[in-house]
Number of protein chains: 2
Amino acid sequence: MEKENRSRQVLSRIATNDQHGENSPYFHGWYAYERNRFHPTQNPQGVVQMGLAENQLCFDLVEKWIKENPNASICTREGANKFKEIAIFQDYHGLKEFTHAVAKFMEKVRGNRVTFDPDRIVMSGGATGANETIIFCLADPGDAFLVPSPYYPAFGRDLRWRTGVQIAPVDCHSSNGFRLTRAAVEVAYKKAQESNINVKGLILTNPSNPLGTTLDMETLKSLVAFVTEENIHLICDEIYSATVFSSQRFISVAEVIQELEHCNRDLIHIIYSLSKDLGFPGFRVGIVYSYNDIVVSSARKMSSFGLVSSQTQHFLTSLLSDEEFVDNFLSESKKRLAKRHHDFTTGLEQVGISCLKGSNSGLFFWMDLGPLLKEQTFEAELKLWRVIVDDVRLNVSPGSSFHGLEPGWFRVCFANVDDQTAEVALERIRTFVLDNGKKGDEGR
Amino acid sequence: MEKENRSRQVLSRIATNDQHGENSPYFHGWYAYERNRFHPTQNPQGVVQMGLAENQLCFDLVEKWIKENPNASICTREGANKFKEIAIFQDYHGLKEFTHAVAKFMEKVRGNRVTFDPDRIVMSGGATGANETIIFCLADPGDAFLVPSPYYPAFGRDLRWRTGVQIAPVDCHSSNGFRLTRAAVEVAYKKAQESNINVKGLILTNPSNPLGTTLDMETLKSLVAFVTEENIHLICDEIYSATVFSSQRFISVAEVIQELEHCNRDLIHIIYSLSKDLGFPGFRVGIVYSYNDIVVSSARKMSSFGLVSSQTQHFLTSLLSDEEFVDNFLSESKKRLAKRHHDFTTGLEQVGISCLKGSNSGLFFWMDLGPLLKEQTFEAELKLWRVIVDDVRLNVSPGSSFHGLEPGWFRVCFANVDDQTAEVALERIRTFVLDNGKKGDEGR
């Protein structure tokens, strides 16, 4: 009886399983930073946070805009007369002006080569919520999605935890620069089928997190053809689309399906967010954009669980509707990201550390510390990571937390610190690499 | 092959089942209002919205406060220097000042007779998100929760849709004023057990939606004793706690468990929100407050799917930290709600329509139109409702949409219109009742 009572008190399987994935160096590194934050004068020996993909390089532009636009907010003297109207707004379609402004912004980010229907813009709580929403719409517990590895550590939480859906990795290798190919997808698909796993779709992050690379038109076409042939879904996570800073432009799946004659649009879904491209993760703007009417309708009903604050919708509508501001922000942001990326990667090259070639986007680069590993194992990678966090005092993220297959790679976020801190961080890695090399020499 | 392909293209069971519950007169009435909104001068023949529980009576106080506090927002000239710091904030614990301010506000609403630990305040996307979160934490698909009926129409969506959990109604009747008793709960519990349903807990909405009544100390104690004995969870949805406008004060479960010697706190959870008590549903502030450590930790991980916008957290922190403002707002809000409730219910009494006695809270009353029904069936109730929406042009909500057991009751929201519109609405019902009575007389 006593035992029965205890067992009945038990919480849900979700609350008590470990599928959330929080127990990862990816998150542990954040705590290391939280415990001992770097500050140039107050704590110059602290940990520099390079484990968080934040876009902090253009806040001066936003701050200036706010000061010039007091009507943009319902919490100013000038805007307070709209407070009631906005504070009570809870329609899960979102403010009409907001969905229009977001659609237009998404078009602009894609060079106005595609159009987005504001009626297909569905709100969710950040990309986190958007990812979970699309899975809840497409798959049942036990179903699987193909996900190229290395992939975002929190996909376990977003895609799997509460939905009960599985992740079936598509293996990518350094031998071809971690490029995704249809052949690799087919291998993973067949493997899953052989294990009687019901694969419901393929998830692409384009630009890739953690690689900082984009998919080319040819690859995208081959993957759209694949999902069309196999009649499975294609979810394109394009939350870093405005961070493509090289001359090579970003190609959205929206552009690809425009060019294709044979394509079942009911299978195509885009995940978007303003957390990375604008740099406002705190505002929790996630977007599900689906070409499938039932998914739009179903995801919209789900948006009741993660609507964007109407205060935030209102403010962002004003900001994004200022086309001059948006154009300037987008071009300035790319310039600053390109410079920061260049400074870091060339600074590392000078001490013999290479980063993934062809990296042209994202708020991070994929750094190869393989030569510093004592042995080519994930244990050695984790050991090296501990030294980097504890002694070098940089929170970078080990490749194993991204479910990479080859030890020695690290994701380094470069856009969440100011210039001065970036210099400190770069110097710390360079010094570490040089010292480590020397020790290695001495040992010989 | 063709058939197999089609079946594989199918979306999830969640996206394609009808468990969301949107197909209800409760929601249909909203659309009737949306299509033909009342406006005193521009559309005086339009539909008056009395189907939405909004608290619009004190926005003048908020607007005034905003004008006097330009530092409260990050989107003002005075506050813009904090924009970056807030826009990048995405810790799922929430801004420390925010959780402190919310805990303090919750205490104030409960007359400072209880204390709340800010570390147990977990954010969710509105009460909608908070309700779903607590279910995801406590129960597995197929498990059930006891819910006294009549209950909130959207509980189907919140508690059941994506979680796969069932609602087991506890029948309440007009014979004792719809009062909830331990005996009624026990009947429902036994019935569920006899059907081999695993009951994981009891959900109380206190104050009740749609009844507008509160639970007394004795009843609450008996129900806490019941869940303790049966070792099942107790979820107290207290989102209307600041709307108790009568002299009889609100008693939170937090106060009850303080007084009880034998109570397993691990089973007690509170759902809160700022949508009703403050009147800001658009801001999507939902709170899970649990006395169970594992639930706090698990719900917090889930809050990644429905965090409150940091812009909104920041603004509300400023507003709620102004104790003078909060005290005045709470007392003024109660006064205005009491007056509006009194005007409506006495105005209806004068034409022979009674509302549930003992109603002392909420943003609605429970109106008995049983005497106007042609027969005592839900078909007749729905027919009468159609006439009220289409001809009287008032969107009230029929009791059947609240899963009531007795036809003829309607929920009437009284706090989402201004004084002038309230008068129009009252006159429309009164005229309808009088005309209907006359017709009835003529027919005799």
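No experiment lies behind these values; they were computed from the predicted model shown.

The rules behind each value
Residues numbered from 1 in each chain as written. Chains lettered and ligands numbered in written order. Predicted model: local features only at pLDDT ≥ 70, side-chain atom pairs only at ≥ 80, totals over all residues. Heavy atoms only, no water. Axes fitted to C-alpha atoms, helices over the stretch in contact; angles between N-to-C directions. Helix = DSSP H or I, 4+ residues; strand = E, 2+ residues; numbered from the N terminus. Parallel < 35°, antiparallel > 145°, perpendicular 65-115°, else oblique. Left-handed = near helix turned anticlockwise from the far one by under 90°. Contact = heavy atoms within 4.5 Å. Nonpolar A, V, L, I, M, F, W, Y, C, P; charged D, E, K, R; others polar. Pairing = 2+ DSSP bridges. Domains from an automatic or database assignment. Buried area = accessible area lost by both parts, 1.4 Å probe. Salt bridge = Lys/Arg side-chain N within 4 Å of Asp/Glu carboxyl O. Polar contact = N/O pair within 3.5 Å; in protein donor to acceptor, adjacent residues only side chain to side chain. 1 Å grid on protein atoms, 1.4 Å probe; cavity = no way out; pocket = protein on both sides within 12 Å on 5 of 7 lines; lining within 4 Å. Points joined across faces, edges and corners; volume = space filled by probe spheres on them. Buried < 20%, exposed > 50% of the residue type's maximum accessible area, 1.4 Å probe, protein only. Right-handed = clockwise from strand over helix to strand, strands pointing away. Least-squares fit on C-alpha atoms with pLDDT ≥ 70 in both. Expected span 1.5 Å × (residues − 1). Phe/Tyr/Trp six-rings, centres within 6.5 Å; stacked < 30°, edge-to-face > 60°. Lys NZ or Arg CZ within 6 Å of the ring centre and 35° of its normal.

K.L.:
I tried to follow the packing of helix 6 (residues 96-109) of chain A against helix 13 (residues 310-321) of chain A on my own but got confused; where do I start?
P.N.:
Packed helix pairs are characterised by how far apart their axes lie and by the angle those axes make with each other. Residue and element names in this part refer to chain A. As a packed pair, helix 6 and helix 13 sit with axes 9 Å apart at the nearest point and diverge in direction by 45 degrees. As the angle between them shows, helix 6 and helix 13 are arranged oblique. In the packing of helix 6 onto helix 13, the handedness of the crossing is left-handed. For the pair formed by helix 6 and helix 13, the contact residues are Glu97, Phe98, Ala101, Val102 and Phe105 on the first element and Gln313, Leu316, Thr317, Leu320 and Ser321 on the second. The residue makeup of the contact of helix 6 with helix 13, split by class, is six nonpolar, three polar and one charged.

K.L.:
Would you mind showing me how to read the sheet that holds strand 4 (residues 166-171) of chain A here?
P.N.:
Sheet strands associate in pairs through backbone hydrogen bonding, adopting either a parallel or an antiparallel arrangement. Residues and elements named next belong to chain A. Strand order in the open sheet made by the seven strands is 2-8-7-6-5-3-4, with mixed pairing throughout. Every other strand in the sheet has two partners, leaving strand 2 (121-125) and strand 4 as the edge strands with one partner each. Ignoring which end each strand starts from, the neighbouring axes of this sheet average 25 degrees apart. The pairing of strand 3 (residues 144-149) with strand 5 (residues 199-205) spans three bridges and is parallel. Bridging across to strand 5, leucine 146 finds its partner in leucine 202. Here helix 12 (residues 293-302) sits on the sheet in contact with strand 2, strand 7 (268-273) and strand 8 (285-290), set at roughly 35 degrees to strand 2.

K.L.:
Which parts of the structure should I look at to understand the domain arrangement of chain A?
P.N.:
One frequent convention defines the size of an interface as the accessible area lost when the parts assemble. Residue and element names in this part refer to chain A. You can read the domains of chain A as domain 1 (2-61 + 326-438) and domain 2 (89-323). Each side of the interface is counted separately: domain 1 has 36 residues, and domain 2 has 44 residues. Taken as a group, His20, Val326 and Asn360 account for 18% of the area that domain 1 buries against domain 2, more than any other trio of residues on that side. Where domain 1 touches domain 2, the interface holds one salt bridge. Between lysine 108 and aspartate 327 there is a salt bridge; the shortest N-O distance is 3.0 Å. Inspection of the domain 1/domain 2 interface yields 19 residue pairs in polar contact (both at pLDDT 80 or more).

K.L.:
What's the story with empty space enclosed by the protein in this structure? I'm lost.
P.N.:
Here the idea is plain: a probe the size of a water molecule rolls over the atoms and shows the empty space left. Counted by the stated rule, this structure contains nine cavities of 30 Å³ or more. By volume, the largest cavity amounts to about 140 Å³. Forming the boundary of the largest cavity are 20 residues, of which Arg162(A), Phe305(A), Arg162(B), Phe305(B) and Gly306(B) lie nearest the centre. Listed by contribution, the elements that provide at least two residues to the lining of the largest cavity are strand 2 and helix 7 (126-138) of chain A together with strand 2 (121-125) and helix 7 (126-138) of chain B. For the lining of the largest cavity, the class distribution of residues is four nonpolar, 12 polar and four charged.

K.L.:
Explain the pattern of salt bridges to me, please; I cannot follow it from the model alone.
P.N.:
Should their charged atoms come close, side chains of opposite charge can pair. Inspection of the entire model under this criterion finds 50 salt bridges over all chains. With a shortest N-O distance of 3.4 Å, Lys64(B) and Glu68(B) are connected by a salt bridge. Of this pair, Lys64(B) and Glu68(B) are both found in helix 4 (residues 59-68), four residues apart, which corresponds to roughly one turn of the helix. Using a relative accessible area of 52% as the deciding quantity, one classes Lys64(B) as exposed. Of the charged contacts, one joins Arg120(B) and Asp293(B) as a salt bridge, the two residues approaching to 2.7 Å between their closest N and O atoms. Of this pair, Arg120(B) sits in the loop between helix 6 (96-109) and strand 2 while Asp293(B) sits in helix 12 (residues 293-302), placing them 173 residues apart in sequence. Within this structure, Asp60(A), Glu332(A), Lys335(A) and Arg336(A) form a network of salt bridges that share partners.

K.L.:
Got a minute to help me understand the pairing of strand 4 of chain A in this structure?
P.N.:
On a regular strand, each side chain points to the face opposite its neighbour's, so the side chains alternate between the two faces of the sheet. All names here are of chain A. In the sheet, strand 3 pairs with strand 4 via six bridges, with the strands oriented parallel. Note that in strand 4 the partner of valine 147 across the bridge is proline 169. Where the polypeptide runs from strand 3 across helix 8 (residues 155-161) and back to strand 4, its parallel neighbour, the crossover connection is right-handed.

K.L.:
For this particular structure, what's the right way to read the pairing of strand 8 (residues 285-290) of chain B?
P.N.:
Residues and elements named next belong to chain B. The buried fraction of strand 8 is high, at six of six residues. Burial of strand 8 is two-sided: the residues Val285, Ile287 and Tyr289 facing one way and the residues Gly286, Val288 and Ser290 facing the other way are all buried. Strand direction decides the pairing type here: strand 2 and strand 8, joined by five bridges, are antiparallel. By the bridge assignment for strand 8, methionine 123 is matched with isoleucine 287.

K.L.:
What am I meant to see in the sheet that holds strand 10 (residues 364-368) of chain B here?
P.N.:
Residue and element names in this part refer to chain B. Read across the sheet, four strands follow the order 9-10-13-12 without closing on themselves; strand pairing throughout is antiparallel. At either end of the open sheet lies a strand with only one pairing partner, and these are strand 9 (354-355) and strand 12 (397-398). Here two bridges tie strand 12 to strand 13 (residues 409-413), and the two strands are oriented antiparallel to one another. The residue bridging serine 397 from the neighbouring strand is arginine 411, located in strand 13. Contacting strand 9 and strand 10, helix 14 (residues 323-349) crosses the sheet at an angle of about 5 degrees to strand 10. Along the sheet, helix 15 (residues 378-392) makes contact with strand 12 and strand 13, crossing strand 13 at roughly 30 degrees.

K.L.:
What exactly am I supposed to notice about the interface of chain A and chain B here?
P.N.:
Tallying the contact residues gives 85 residues for chain A and 85 residues for chain B. Between chain A and chain B the total buried area reaches about 7300 Å² when both faces are included, carbon and sulfur atoms providing 55% of it. At the boundary of chain A with chain B, the tally comes to six salt bridges. The salt bridge involving Asp140(B) is made with Arg13(A); its shortest N-O contact spans 3.4 Å. Across the chain A-chain B interface, the total number found is 24 residue pairs in polar contact (both at pLDDT 80 or more). Taken together, the residues of the side of chain A that touches chain B sort by class into 38 nonpolar, 27 polar and 20 charged.

K.L.:
Would you mind going over the relation of the copies chain A and chain B with me for this structure?
P.N.:
In this arrangement, two copies of a chain are superimposed by a rotation about an axis accompanied by a shift along the axis. It takes a turn of 180 degrees to lay chain A on chain B, together with a shift of 0.0 Å along the axis; the resulting RMSD is 0.0 Å. As the rotation angle and translation indicate, the two copies are arranged about a two-fold axis. Among all C-alpha atoms of chain A, that of Gly306(A) lies closest to the rotation axis, at 2.4 Å. Taken as a fraction of all interface residues of chain A, those also at the interface in chain B reach 100%, which identifies the copy contact as same-surface.

K.L.:
Which parts of the structure should I look at to understand helix 13 of chain A?
P.N.:
Since there are 3.6 residues in each turn of an α-helix, residues three or four apart along the chain are aligned in direction. Residues and elements named next belong to chain A. Taking 1.5 Å of rise per residue, 12 residues should cover 16 Å, and helix 13 covers 16 Å from first to last C-alpha, within 8% of that figure. Extensive coverage of helix 13 is indicated by the burial of 10 of its 12 residues. Buried residues of helix 13: Ser310, Gln311, Thr312, Gln313, His314, Phe315, Leu316, Thr317, Leu319 and Leu320, and no others.

K.L.:
Looking at this structure, I do not really get the side chain of Ser124(B). What am I missing?
P.N.:
Residue and element names in this part refer to chain B. Tracing the chain through its elements places serine 124 in strand 2. With a relative accessible area of 2%, serine 124 lands in the buried category. If near-sequence neighbours (up to four positions away) are discounted, serine 124 is found in contact with Gly129, Ala130, Thr133, Arg284, Val285, Gly286, Val288, Gly306 and Val308.

K.L.:
For this particular structure, what's the right way to read the side chain of Gln313(B)?
P.N.:
Residues and elements named next belong to chain B. Among the secondary structure elements, glutamine 313 is positioned in helix 13 (residues 310-321). Here leucine 95 takes part through its backbone nitrogen, which lies 2.7 Å from a polar atom of the side chain of glutamine 313. Here valine 308 takes part through its backbone oxygen, which lies 3.0 Å from a polar atom of the side chain of glutamine 313. Ignoring anything within four residues of it in the chain, the contact list for glutamine 313 reads Phe89, Gly94, Leu95, Phe98, Met123 and Val308.

K.L.:
Please clarify how the packing of aromatic side chains should be interpreted in this entry.
P.N.:
Geometry of an aromatic ring pair is reported as the spacing of the ring centres plus the angle between the planes. Tallying each qualifying case throughout the model produces 55 aromatic pairs over all chains. When the centroid spacing of 5.2 Å and the interplanar angle of 55 degrees are considered together, the rings of Phe280(A) and Phe283(A) count as tilted. The same class applies to Phe280(A) as to Phe283(A), namely buried. Plain terms: the ring middles of Phe315(A) and Phe83(B) are 5.8 Å apart, the flat faces sit at 45 degrees to each other, and that makes the pair tilted. Here Phe83(B) lies in helix 5 (residues 83-87) and Phe315(A) lies in helix 13, a pairing that spans two chains. With respect to burial, Phe315(A) and Phe83(B) carry one shared label: buried. Seen from the ring of Tyr272(A), Arg110(A) lies directly overhead, with NZ or CZ sitting 5.2 Å from the centre.

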